[in-house]
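Descriptive analysis of the structure
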Amino acid sequence: MAQRTLFHDIWDFLRVRKAWWLLPVVIVLALMGVLAVASQVPYLAPFIYALF
Amino acid sequence: MKILGISCHYHDAAATLLMDGIVVAAAEEERFTRRKHDPSFPQNAVEFCLQQSGLGIEDIDAIAFYEKPLLKFERLLTQHVQYFPKSYAVFRRAIPAWLTEKLRIRRLFRKKLKFKGDVYFLEHHLSHAAGVFYPSPFEEAAVLTVDGVGEWTTAAMGMGRRTHLDLTHEIRFPHSIGLLYSAVTAYLGFSVNNSEYKVMGLSAYGNKNPATNPYYAALRRMIDLKPDGSFRLDMGFFDYEFAERMPSKKFCELLGGPSREPVEPVTARHQDIAAAVQLVTEEAVLSMLRHLHRQTNCPNVVLSGGVALNSVCNGKILSETDFQNVWIQPNSGDGGSSMGAALYLYHAILGQPRNYALRSPYLGPGFSSAQVESFLKSQHITYHHFSSQSELLDQTAQLIHSGKVVGWFQGRMEWGPRALGARSILANPCDPGIRDVLNLKVKHRESFRPFAPAVCVEDAATYFECDNPVPLPADFMLMVYPVRPEWREKLPAVTHVDGSGRLQTVRRDAHPLYYDLIRSFGRISGVPMLVNTSFNIRGEPMVCAPDQAYRCMMGTRIDCLVMEDFIIHRHENLRDAWDSESLAKD
Amino acid sequence: MRLPKPVLRLLSFLDRVFRILLKPLQVVSNFVFVTISYFLGVGLSAIFYRRAAKKNPQSTVDSYWQEMQTTPKDQDAWLRPF
């Protein structure tokens, strides 16, 4: 199978799951993700694990 | 065909290597990094798996990942969206790790493992289900998975037939028995996702009568439990959907006060609350199982997910439902899902026949006598070598009988959270003082927690009121049964306050040396049984390698270490002694 | 093309200096970006979500078990992270 990119995965995901209402947060996160989080972020201890 | 199963990024990261359908190696990352419940990418565990089988990453045909990260991300975003703007603080802390690693699993495998093949993604509960059905001894079995939460599912049921496995019904987040148990764990001042077993231990001290335990009625107000075991939580009582705390203000009010601080003493009220959540959990799980039996009419059941580690509940499955056989894998939490993902890929997706049943949990790293001796010599440690196994066993049995606490390091490390005779601390179960010695001086842990007895499988019914024949999960310390009344006073170290014991049954074919040690001890003491607790300091993972075992012995009051063919006495090596007490934490 | 060793050493030194200088800046910028993402992205999605949620009121039922399908029709689904 050809290598899929994260972008393709997310697009297919929104399409298949019909989760269009998530589009704004996904777009903004994608933009910010490119800009912001290039550094390694340490793992947070998932004490409240339903949220991490 | 070689498949690597991987679980990580949540808790208990682990790797499993499957070769032509047979699990050849499996281990959790925490044992290598020495960080309990380590969720980080299991680089060390993968390296161990490859090394154990003499393979390189280029030999691996496919990787099976234990969940669908985008579905989980969908759930998280949904929670944040639903609770906007209350969820801001958690969003800020949780999201960066998703953008850098958790969403980029394929890239992670390419970068960290240099793996270029296909990566398969399986749903979390399907991995749980596969991890218990495929290695079970059953051709056909009803399947129940119950945990905190996966992507969306918190409990699921279905059926496995030979290579086919289908989950047909689910309960979805936020309604979760696992999270209810965790909320009570947090309320009682213990760490969530780690100390649920303490609540289970504490529950034995509380009032177990639903009619008179007021907290049972209070908890039942939080959960609408249907006769078929399905349920819905009243989310007004919980904050875990949007905040870094589990019980809400309303929860605390209903239970009559704020959460217990970890330093506060445990009172009778806390014991009753622990008993109440245990009652509710058992009620829900046993109702689900009865419903599952009605649906499938299958005599066999397999159980998985974190809730399947609730051994008190497991001990009631055969007596309180119509199932005749039960199986649970030794690592039924998230770590075990790495095995499930690999097995599902091999059998269900690739259609390969089943040829493996997990009878031995010893799937981790092992060290030869030569390796151990080389370590001992390099550190100038005083030791005694035994060329005859029977002499080693006689000497060890004598030491235990004389009241010594023995570190037992033999063969390959166990798979799963329980010490099963490969990395164990052993002691005399008839010694009334040994429980305090172990709790206070060795493990530095709460005095209310019981110790487990290890018995040869043929003797289990002599000492315990267990199902007959003893279910296989008892080999993995996953079933609690009442100690027979006539033995309770004679076995003070392993009889819990309610007369129960979380026994481990030992089969000679699984671990001959351990089995023979119990027999040797029985010949001297008249009771072929040992106290078995995990070989670690509280707050640390179980020891994995010889240096960790030696260090653990020298930092605690373990008197001697029996490591492969060698016995090392603490008093002969006092220059290496240190005090582990300050390290003890949850 | 391989650069000469002194140049590589200089680059690696500069890289270390930048990393040290950039670290606090990165923490601040990440904070700002994540905060913007939340209030803009999650905020907008919340508006859509609340509209969609109103259309699907919950009904009372006898059982909370919901049907699920774990075997997809299409084999490619196993290779997708959703």
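See the structure printed just above.
From a predicted model like this one, the values you see are computed outputs, not experimental measurements.

**Looking at the side chain of Arg260 of chain B**
All names here are of chain B. Among the secondary structure elements, Arg260 is positioned in the loop between helix 10 (249-254) and helix 11 (268-296). Of the side chains with opposite charge, Glu264 comes closest to the buried, unpaired Arg260, at an N-O distance of 5.6 Å. Among the polar contacts listed, one links the side chain of Arg260 to the backbone oxygen of Leu188, at a separation of 2.6 Å. Excluding residues within four positions of it along the chain, Arg260 makes contact with Tyr187, Leu188, Gly189, Phe190, Pro265, Val266 and His270.

**Re the pattern of salt bridges**
When their charged atoms lie close together, side chains carrying opposite charge are able to pair. Residue and element names in this part refer to chain B. All chains considered together, the criterion is met by 28 salt bridges over all chains. Between Arg35 and Asp38 there is a salt bridge; the shortest N-O distance is 3.4 Å. Among the residues examined, Asp38 registers a relative accessible area of 3% and is labelled buried. Put simply, Glu446 and Arg449 hold a salt bridge, and the shortest N to O gap is 3.1 Å.

**Observations concerning helix 9 (residues 214-222) of chain B**
Residue and element names in this part refer to chain B. Of the positions making up helix 9, those classed as buried are Tyr215, Tyr216, Ala218, Leu219 and Met222. Take helix 9 and look down its axis: the buried residues cluster within an arc of 160°, on one side only. Capping of helix 9 at its N-terminal end is provided by Asn213; its side-chain oxygen lies 2.9 Å from the backbone amide nitrogen of Tyr215.

**Concerning the pairing of strand 11 (residues 300-304) of chain B**
Residue and element names in this part refer to chain B. Of all five residues in strand 11, five are buried; the element is thus mostly enclosed. Where strand 6 (residues 140-146) and strand 11 come together, four bridges link them in parallel fashion. The partner of Ala142 across the bridge, within strand 11, is Val301. As paired elements, strand 11 and strand 12 (residues 325-327) share three bridges and run parallel to each other. Among the inter-strand pairings, Asn300 is bridged to a residue of strand 12, identified as Asn325.

**As for the interface of chain B and chain C**
Listed by partner, the interface residues are 49 residues for chain B and 30 residues for chain C. The contact between chain B and chain C buries some 3500 Å² in all, and 64% of this surface belongs to carbon and sulfur atoms. For the chain B face of the interface with chain C, the top three residues by lost area are Val81, Phe84 and Tyr88 of chain B, together amounting to 19%. Summed over the shared surface of chain B and chain C, the number is zero salt bridges. Our count for the chain B to chain C interface comes out at 23 residue pairs in polar contact (both at pLDDT 80 or more). Broken down by secondary-structure element, the contributors of at least two residues to the side of chain B that touches chain C are helix 3 (69-82), helix 4 (88-102), strand 5 (118-121), strand 7 (153-161), strand 8 (164-172), strand 10 (231-233), helix 11 and helix 14 (337-349) of chain B. No other element matches strand 8 of chain B, which puts eight residues into the side of chain B that touches chain C. With two bridges joining them, strand 8 of chain B and strand 1 (residues 66-67) of chain C adopt antiparallel strand pairing. Opposite Glu170 of chain B, over in strand 1 of chain C, you have Gln66 of chain C as the bridge partner.

**Re a nonpolar patch on the surface**
Nonpolar side chains collect at one region of the surface, where Leu3, Val7, Leu8, Leu10, Leu11, Phe13, Leu14, Phe18, Leu22 and Leu25 of chain C lie side by side and expose about 870 Å² of accessible area between them. Locating Leu11 of chain C in the fold gives a position in helix 1 (residues 5-55).

**Here we look at the packing of helix 16 (residues 389-401) of chain B against helix 20 (residues 512-525) of chain B**
All names here are of chain B. It is the contact of helix 16 with helix 20, at a shortest axis distance of 9 Å, that shows an interaxial angle of 55°. Considering their axes alone, helix 16 and helix 20 lie oblique with respect to each other. The two elements helix 16 and helix 20 cross, and the hand of that crossing is right-handed. Between helix 16 and helix 20, the contacting residues are Gln389, Leu393, Asp394, Thr396, Ala397, Gln398, Ile400 and His401 on the first element and Leu513, Asp516, Leu517, Ser520, Phe521, Ile524 and Ser525 on the second. Taken together, the residues that form the contact of helix 16 with helix 20 break down as seven nonpolar, six polar and two charged.

What counts, and where the lines are drawn
Residues numbered from 1 in each chain as written. Chains lettered and ligands numbered in written order. Predicted model: local features only at pLDDT ≥ 70, side-chain atom pairs only at ≥ 80, totals over all residues. Heavy atoms only, no water. Helix = DSSP H or I, 4+ residues; strand = E, 2+ residues; numbered from the N terminus. Buried < 20%, exposed > 50% of the residue type's maximum accessible area, 1.4 Å probe, protein only. Lys, Arg positive; Asp, Glu negative; His and termini not counted. Salt bridge = Lys/Arg side-chain N within 4 Å of Asp/Glu carboxyl O. Polar contact = N/O pair within 3.5 Å; in protein donor to acceptor, adjacent residues only side chain to side chain. Contact = heavy atoms within 4.5 Å. Arc of directions from axis to C-beta. Pairing = 2+ DSSP bridges. Buried area = accessible area lost by both parts, 1.4 Å probe. Patch = residues over 30% accessible without salt bridge, like charges linked within 9 Å, V, L, I, M, F, W, Y side chains within 5 Å. Areas by Shrake-Rupley, 256 points an atom, 1.4 Å probe, with all protein chains shown as cover. Axes fitted to C-alpha atoms, helices over the stretch in contact; angles between N-to-C directions. Parallel < 35°, antiparallel > 145°, perpendicular 65-115°, else oblique. Left-handed = near helix turned anticlockwise from the far one by under 90°. Nonpolar A, V, L, I, M, F, W, Y, C, P; charged D, E, K, R; others polar.

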